[in-house]
Every structure is written in C-alpha cells, then in structure tokens.
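Analysis of the macromolecular model
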Amino acid sequence: MSSSRIQRIAVLCATLGTVVVAACDDDADAEGEVVHTEVAASTSATPDGTLKTHEIVPSTPSAEGLAYLRAVAAIQREADDQRGAAAVATLQRGLDLEVPAGLPEAEIVQLELASRIAGLLIESDAAAEAKELLVPMLEPSRSVPLDRASAEALIMLGDAATRTGDDALAAGTYARSIRMMSILRQELER
C-alpha cells in the first residue's frame, strides 16, 4: 500500500474522530471462519470494522475450472490494452462468467476483477457504481478470503465510499483493510 493511501486513511480516521481498537478473536466459528473484530467509536454513524475471513485451500481444478481461469486471464489481458468504459465492459464480462463448482480460487479471481472495475469507475467519477459493485461482495457480515485481493477490494470500497461522502462506510472499510493487511503480514512472518 502506498504511503499516500495510508496517509489518506489516517486523515479520514482523524477527521471522523474515530477511535479504532483492534481486537482479534482467533476462534473459528461453526463454519470454520476466523472472525476478527474491530471495535469502533465515532461521533457520527458508527463504522463497522468487523472482519470475517476464511482461507482458500487450493484445489485441483477440473477441466471446467481450468477453462474458467484461462478465460479470466484472457479477459484480463484484453482489458490491459483498453481504457475507461471499454475496459470496464471487458472486465465485467469476466465477472459475469459462471464459476464452475469446486474452484474456491474463483472467489479471489472475482475480487481481483471487481477491484479493477472499481478502480476504473472511481477514476471516471463513477464512485457510486464502484460502491454498488463492491458492497455486496464485502459486507462485514460476509467472510472474505484471507488474501491480498480482499485487502485491495476493501481499499477500493473505502475509496469509493470516501468519494461518495459515506464516511462511516469508508472508515469501517479502511479499518477492515488495515486489519486484513496486518493478518497477512503476520502470516508471512510465520
């Protein structure tokens, strides 16, 4: 994460008067998800910094799974040569592909596609569309993969929320992204 993005997050939290105290509950719930809780206090709407994560266990992809991954890779390459609305439309095709059964890695791929789309939408002053795309994928009640793609998607959602004036969503989402990055860093140190 760039230092300018970290500074923006810090300024946003300071501006909101938000005090975030991280408390990690590493107990797995009934579904095997690890729940990391952020306790937040604010003078305005209360940001929700709850972070539920799960690990993606790599699978042995089926022929359908490999075809899906190849199709997404081709779409990503195609979008690399495009700009603006054309790139968004191309990436959306990738997001709309049917995910084959038994391919847990697809959840990470979809977050990567959604992050790219959101970044392009934010650049083209369509932050509300970016927020609309990402909110269902990243609601605090949903578990997200313990992966860098989740952290990037959370940052994109925080940026979209900031641009649309949704300070509570921005603060909670940025807090979740920081917690995700902290967890990933701890995993690397093990």
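Secondary structure assignment for the protein yields seven helices and four strands. If you list the helices and strands of the protein from N to C, you get α-β-β-β-α-α-α-α-β-α-α. Within the protein, buried positions represent 42% of all 190 residues. A fraction of 62% describes how many contacts in the protein between residues 6 or more apart in sequence connect residues 24 or more apart. Accessible surface, the protein: about 9,900 Å² in total, of which carbon and sulfur atoms supply 54%.

With that settled, the discussion passes to the nonpolar core. Formed by 37 residues in total, the largest nonpolar core has its most connected members in Ile 117, Leu 134 and Leu 138. Those elements giving two or more residues to this core turn out to be helix H2 (63-80), helix H3 (84-96), helix H4 (106-123), helix H5 (127-138), helix H6 (148-163) and helix H7 (167-189). In terms of residues, this core owes the most to one element, H4, which gives ten residues. When sequence neighbours within four positions are dropped, the list of residues in contact with Leu 138 reads Leu 111, Val 144, Ala 153, Leu 154, Leu 157 and Arg 176.

Contact geometry of H2 with H3 gives a least axis separation of 9 Å together with a crossing angle of 175°. Classified by the angle their axes make, H2 and H3 are roughly antiparallel. Here Val 72, Ile 75, Gln 76, Glu 78 and Ala 79 of H2 come into contact with H3, specifically with Ala 87, Thr 90, Leu 91, Arg 93 and Gly 94. Within the contact of H2 with H3, the residues separate by chemical class into five nonpolar, three polar and two charged.

Once that is clear, we can look at the packing of H6 against H7. Two elements in contact, H6 and H7, have axes separated by 8 Å at closest approach and are oriented at 160°. Here H6 lies roughly antiparallel to H7, going by the angle between them. Here the hand of the crossing between H6 and H7 comes out left-handed. Along the contact surface, H6 presents Arg 148, Ser 150, Ala 151, Leu 154, Ile 155, Leu 157, Gly 158, Asp 159, Ala 161 and Thr 162, while H7 presents Leu 169, Ala 170, Thr 173, Tyr 174, Arg 176, Ser 177, Met 180, Met 181 and Leu 184. In terms of residue class, the contact of H6 with H7 is built from eleven nonpolar, five polar and three charged.

Right, let's talk about H3 for a bit. Taking 1.5 Å as the rise per residue, H3 with 13 residues should run 18 Å; its terminal C-alpha atoms sit 18 Å apart, in good agreement. Where H3 is concerned, the buried positions are Ala 87, Val 88, Thr 90, Leu 91, Gly 94 and Leu 95. In a view along the axis of H3, the buried residues occupy a sector of 165°, so they form one face of it. In this structure, H3 carries Ala 85 and Asp 96 as exposed residues pointing more than 90 degrees from its buried face. Buried-residue contacts for H3 involve H2, H4 and H5.

Parameters at a glance
Residues numbered from 1 in each chain as written. Predicted model: local features only at pLDDT ≥ 70, side-chain atom pairs only at ≥ 80, totals over all residues. Heavy atoms only, no water. Helix = DSSP H or I, 4+ residues; strand = E, 2+ residues; numbered from the N terminus. Buried < 20%, exposed > 50% of the residue type's maximum accessible area, 1.4 Å probe, protein only. Contact = heavy atoms within 4.5 Å. Areas by Shrake-Rupley, 256 points an atom, 1.4 Å probe, with all protein chains shown as cover. Core = buried A, V, L, I, M, F, W, Y, C linked by side-chain atoms within 4.5 Å. Axes fitted to C-alpha atoms, helices over the stretch in contact; angles between N-to-C directions. Parallel < 35°, antiparallel > 145°, perpendicular 65-115°, else oblique. Nonpolar A, V, L, I, M, F, W, Y, C, P; charged D, E, K, R; others polar. Left-handed = near helix turned anticlockwise from the far one by under 90°. Expected span 1.5 Å × (residues − 1). Arc of directions from axis to C-beta.

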